[in-house]
Amino acid sequence: MSDTGIGASVLRKEDRRFLAGRGNYVADIAAAGEVALAFVRSPVAHGRIRSIVKPEGAENRVFTADDLDGVEPMRAPSKLPGYKPADFPALAIDKVRFVGETVVACAGATRAEAEDLAQAVEVDYEELAPAVDMLEARKPGAPLVHDAWGDNIALATRTDGDMDSVRARAAHSVTREFRMSRQAMVPMEGRAVLAEWNPRMDQLIVHTATQVPHLIRAGLATFLGLEQRQVRVIAPDVGGGFGLKTYVQPEELVACWYAMKFGRPARWISDRREHLIADANCREHHYIVTAHADEEGKILGLEGEVTVDAGAYSIYPFTNCLEAAMAGGNLPGPYAIEAYGVKTWTVVTNKPPLVPYRGVARPGVAFAMEMLVDAVARTVGREPHEVRMINMVPASAMPYTNIAKKTFDSGDHAGAVAKAVQMIDIEAVRERQARGEPDGRLIGLGFGSYVEQAAHGTSVFASWGVQMVPGYEQAGAKLTPDGGLELRVGVQSHGQGMETTLAQVASEILGIDPENVSVIHGDTGLTPYSTGTYASRSIVMAGGAVSRACKVLVERMQTIGAHLLQCERDEVRVADGRVMGPSGDLPFSEIGRVWYMNPEELPADVDTDGIEAVVGYRPEPDHGTFSYSTHAAVVAVDTDTGAVEVLDYVVVEDCGTMVNPMVVSGQVYGGAAQGIGTALFEESPFDELGQPLASTFADYHLPGAAEVPAFRLAHMVTPSPHTEHGIKGMGEGSTIPTPAVIGNAVNDALRRYGAEVNETPISPRRVLAAISAARGEAA
Amino acid sequence: MTEISLTINGAPVTASVEPRTSLADFVRDSQRLTGTHLGCEHGVCGACTLEIDGEPMRSCITYAVSCDGASVTTIEGFDDDEVMEDLRQAFTENHGLQCGYCTPGMLVTARDIVRRLPEADEKRVRLELSGNLCRCTGYVGIVRAILAVLEKRRG
Amino acid sequence: MKPARFDYARAGDIADAIRLLGSTDGFNKPLGGGMSLGPMMNLRLAQPDLVVEVRGLDALKTVSDEGDRLVVGAGVTHAAIEDGKVPDTTNGMMRSVAGQIAYRAVRNRGTIGGSIAHADPAADWPTALRALGAEVAIDGPGGARVVPLSEFQLAAFTVALEPADIVTALHVPKLSPGARWGYYKICRKPGEFADSIGTVVHDPDRGYTGVVLGATDGAPLDVPALAEAVRAGKDVEIDDAKAALAAQGATFDDYGNQIHAVALSRAIKGAFAS
């Protein structure tokens, strides 16, 4: 291993500008003559717009749906049979379907002036009964979010298994109901857009905070009636994404429309209240699950009903049914199960649309499955980690195709559990538990395991019916005249450190110092097409593509180098940033000089494409990589206040080859902290009228440094047999089990009461209610 | 509009501002010092934290007009500060930042912790960071970085 | 999230502030640290016509020892109290409470007088100072006066200030050396607004005992039955606190009944531990 290539914890190149306060986010960009946009948003969850009165004299600064000539409602098509598209208008047309929906756009010289205008607009609504709770909304007779549908079900699916035989053989059938609440994603930078029309380029130039610039370009072109060549999307520094920044937003369309209509740049910078109220939310799953198990806790069969509250509209491009599709496919987790049956419903309600958040469906899935495993363990009287281990696919069975037709490529799942058991020191925890705490709090221990399919390929996305199916990921690599390297990738790095890690991949192949590598990303005008950064795919896909592109450069440099070094081509190798022959070597700058400046020195057999290559890459098979992990936590529960404190938290994870272990660890820590947010703090609740109850950070609690434990982490490394360098995707993973780990730990603490909390966040209120309910039953 | 005179990063500034303009918007939009970030605009997240008269404060809920006569230091104004230099190095070595958005406010708070609480332990550091939210790092690298600088300065 | 337009004036002294606040009929607000008013204005929940800056007035920053009480200027920041720049006459109570308010960057600017005038039920000073038996000094067109907090605090975000009145100081009785205090705050995270605050101040040498519950949906609530129990040297368990609250008609939802009783019980136990 070199100290700059794959496997080295190279310090991040991007840190310098951020530490100096010289990052460059969308809101930091100023355009001459720009206007700021603010929006009048619906104050009712469901209603008909009777009238809109623009402030007098402001008619050319205030816009409704009627003004948006040429702007189509956003449609996210799906090929899944029976799917009902729920078009999302840039500004509400006739009806409003959630509190916060954009109704009127206002343009001012400053954001404050735009807000002044918005405050002066009068909109009259006829309020309609809202559909708020997904289980109620699923029933016949519920208020209809989309009148023409006849019901509120965007998609229903059903997978049947041979449940009769496992039911007959099972000693125990354990059923539980779980709910993962709706929440917000809360990147520290909210969504932001600055759109301007460039007549010279005949192009709409859109700076926008996105993870997926090429997909946003496709969407904007489609809904604005432009050709894609006429749209350039640039994502500069992006302050976190986590899934939020993957869809075309109504405000973005309006900003683009304004820039085109009036020839002036338009900016919209989301504020935190807009994020919490009006941006797409996430999670909100409901489960009823049953495990059919034998006396030992071996799960023979699994049955589930999954309902996802998708909100009012379907977001482009990933649709509103990806969550349910993922949930249905992932419920069996890392376990070898004989029979599996699942029904899923994607239900629309009068709430903001749902967009996949880090972990996509699987935190909900794991919350249900991993807590069900613990319920089985309690039923058969065994330690939960033992029940996990006997049910897991053994390392000897890899590769293994599970009951949901997922092919795990490699790994030792039970080994990860064993390591976590050792790290958390189960004997010591059980002793402490038995001893009791001086302050009277109850100690609980919880485990959670998962397998994380990542970098899903063409076949997987095609099976989900979405329109934007990823194919071959391309990367461009170009040797500059002075021997430096430029990499061009269509993914976007917004915290993942890819300006460093992709340079490390190049360093691995070329031996070049990452300091001499520029990674150009997030700009449709400068980079090859990519579906972007989501699904923990970028280091697998773009990393693999960079590796392949650099290998092409090696071949091209060998030809030129052999000529200059006066030796045979196969005597030349590229290493340490130099081209080396039997009797001497050259710096890359010599190759650059000759190709660019002194082509008269080139050999006759030179590759005429030069020292620049765009290369496509896709792992084969393309079903994705399978990272896995087991987490364990010790919590203390204050049964008087319901407060839960995380005392210890360990993670054992295997994501194959680590390009940069420091960055991998950082992703694990950050994901686990977000998981703790989901587990204990974060919730976007609505009242019965569909009014959001968390609109500021006074009501919406993010975990801070005092709530997050000092995670302890161990890595296992089982390289993927299918990918370049054995890399597996891992960016989302540690959000997945955390709510279940904390939930299992809390329920372990509450065992003496027979109480269980089966809903996130595990707030003091819910803990006290569970204890109270259990006491009521006992009495 | 109200006329104000203040010092920003050591340089005198005189400007005419609308009373409703926050100090954050003033330094960002009028002074083009965009290292001060807005994360919530209601005083909770800490991204906008900068120094006024040597103390960390929230620039999103402080109006520029209230800073007449004050000395303001933004993240761009600490380039020659020894503590900040140590913190910047420690943040990168401990992977205390990912997307970078919370980082300027986090550094200003970290500098205050290091100077005000030289004996702080991990628990205290975590408590003192309550007013600065980070969504990326899980705080692991941030806490380690601050502890490393405290340790270094304790000798 | 930008404020509505407002006019702005900087007061030269207290009299000037009162004059400015009364100079128009609109909704006029004095601005101290602005740590509560700022967010409300940014959210446009508060849209004053005129904001009068009183931060920086020397008269509001003075702290004076007046025998049995400490008079703390309304413009003194939480951080100054936290850091011990204000004499400790409450056996460390005010210093401890100050250090628990929001975050350091807020404490550096937010003021004690502003907190009392704003009267957020979930804030610290309204409950803590009431338990200390503090009084609030007010100046305004009707003249200067000093009012007990129990008469000043009317409801959530509602206090007995007339238009153009400003809070100038807090009069905080000094605790005897042997006095005990307890302060127990239940909140989801450090620095967040509280779900419940239980406070007790027991100063037998002065014949004073106060037990106050904060972070309800109204003004801080005196709990005389528990003060009586403290005076009698009784232990106060959670159920005792529940019973005391119920007996005075202070009932909440199930969660509120529980945590308010816990906060009071733990505050009292904390006061007498060690």
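Residues numbered from 1 in each chain as written. Chains lettered and ligands numbered in written order. Predicted model: local features only at pLDDT ≥ 70, side-chain atom pairs only at ≥ 80, totals over all residues. Heavy atoms only, no water.

Chemist: Requested: an account of the domain arrangement of chain A, with residues and values cited.
Modeler: All names here are of chain A. Domain boundaries in chain A define domain 1 (15-22 + 472-617), domain 2 (31-128 + 186-278) and domain 3 (362-454 + 623-778). At the junction of the two partners, domain 2 supplies 11 residues and domain 3 supplies 11 residues. Together, the buried faces of domain 2 and domain 3 total about 880 Å²; carbon and sulfur atoms form 70% of this surface. Among the residues domain 2 hides against domain 3, the three largest losses belong to Val99, Val186 and Leu276. Together they make up 49% of the total. On the surface where domain 2 and domain 3 come into contact, there are 0 salt bridges. Where domain 2 touches domain 3, the interface holds 1 residue pair in polar contact (both at pLDDT 80 or more). Residue classes in the side of domain 2 that touches domain 3 are distributed as 9 nonpolar, no polar and 2 charged. (Domains from an automatic or database assignment. Contact = heavy atoms within 4.5 Å. Buried area = accessible area lost by both parts, 1.4 Å probe. Salt bridge = Lys/Arg side-chain N within 4 Å of Asp/Glu carboxyl O. Polar contact = N/O pair within 3.5 Å; in protein donor to acceptor, adjacent residues only side chain to side chain. Nonpolar A, V, L, I, M, F, W, Y, C, P; charged D, E, K, R; others polar.)

Chemist: Residue-level account of the packing of helix H2 (residues 82-93) of chain B against helix H3 (residues 103-116) of chain B, with values.
Modeler: Residue and element names in this part refer to chain B. Where H2 contacts H3, the two axes come as close as 10 Å, and the packing angle between them is 120°. In terms of their interaxial angle, H2 and H3 are classed as oblique. Between H2 and H3 the crossing geometry is right-handed. Side by side, H2 and H3 meet where Val83, Met84, Leu87, Arg88 and Phe91 of the first sit next to Met106, Leu107, Val108, Ala110, Arg111, Val114 and Arg115 of the second. For the contact of H2 with H3, the residue count by class is 9 nonpolar, no polar and 3 charged. (Axes fitted to C-alpha atoms, helices over the stretch in contact; angles between N-to-C directions. Helix = DSSP H or I, 4+ residues; strand = E, 2+ residues; numbered from the N terminus. Parallel < 35°, antiparallel > 145°, perpendicular 65-115°, else oblique. Left-handed = near helix turned anticlockwise from the far one by under 90°.)

Chemist: Quick rundown of the sheet that holds strand E9 (residues 192-198) of chain A? Include the residues and the values.
Modeler: All names here are of chain A. Pairing is mixed across the open sheet formed by 7 strands, whose spatial order is E3-E5-E1-E12-E9-E10-E11. A strand with exactly one partner marks an edge of an open sheet, and here the two such strands are strand E3 (62-63) and strand E11 (231-234). When strand E10 (residues 203-208) meets E11, the two strands line up parallel, connected through 4 bridges. Paired with leucine 204 across the bridge in E11 is valine 231. (Pairing = 2+ DSSP bridges.)

Chemist: If you had to explain the packing of aromatic side chains to someone new, which residues and values would you point to?
Modeler: Residues and elements named next belong to chain A. What the rule picks out here adds up to 22 aromatic pairs over all chains. On the numbers, 4.8 Å between centres and 10° between planes, the contact of phenylalanine 88 with tyrosine 313 is stacked. Here the residue phenylalanine 88 occupies a position in the loop between E3 and strand E4 (95-96), and tyrosine 313 occupies one in the loop between strand E14 (299-309) and helix H8 (322-330), the gap between them amounting to 225 residues. Comparing phenylalanine 88 with tyrosine 313, the two get one shared label, buried. Taking the centre distance of 5.4 Å and the plane angle of 85° together, the rings of tyrosine 649 and phenylalanine 711 count as edge-to-face. Of this pair, tyrosine 649 sits in strand E27 (residues 644-654) while phenylalanine 711 sits in the loop between helix H17 (661-681) and strand E28 (712-716), and the two are 62 residues apart along the sequence. Exposure class is identical for tyrosine 649 and phenylalanine 711. Each is buried. Counting every residue linked through ring pairs, the aromatic cluster contains Phe63, Trp257, Tyr258 and Phe262. A cation sits over an aromatic face here: arginine 17 above phenylalanine 18, 4.7 Å from the ring centre. When the ring centre of tyrosine 472 is taken as reference, the NZ or CZ atom of arginine 618 above it lies at 4.6 Å. (Phe/Tyr/Trp six-rings, centres within 6.5 Å; stacked < 30°, edge-to-face > 60°. Buried < 20%, exposed > 50% of the residue type's maximum accessible area, 1.4 Å probe, protein only. Lys NZ or Arg CZ within 6 Å of the ring centre and 35° of its normal.)

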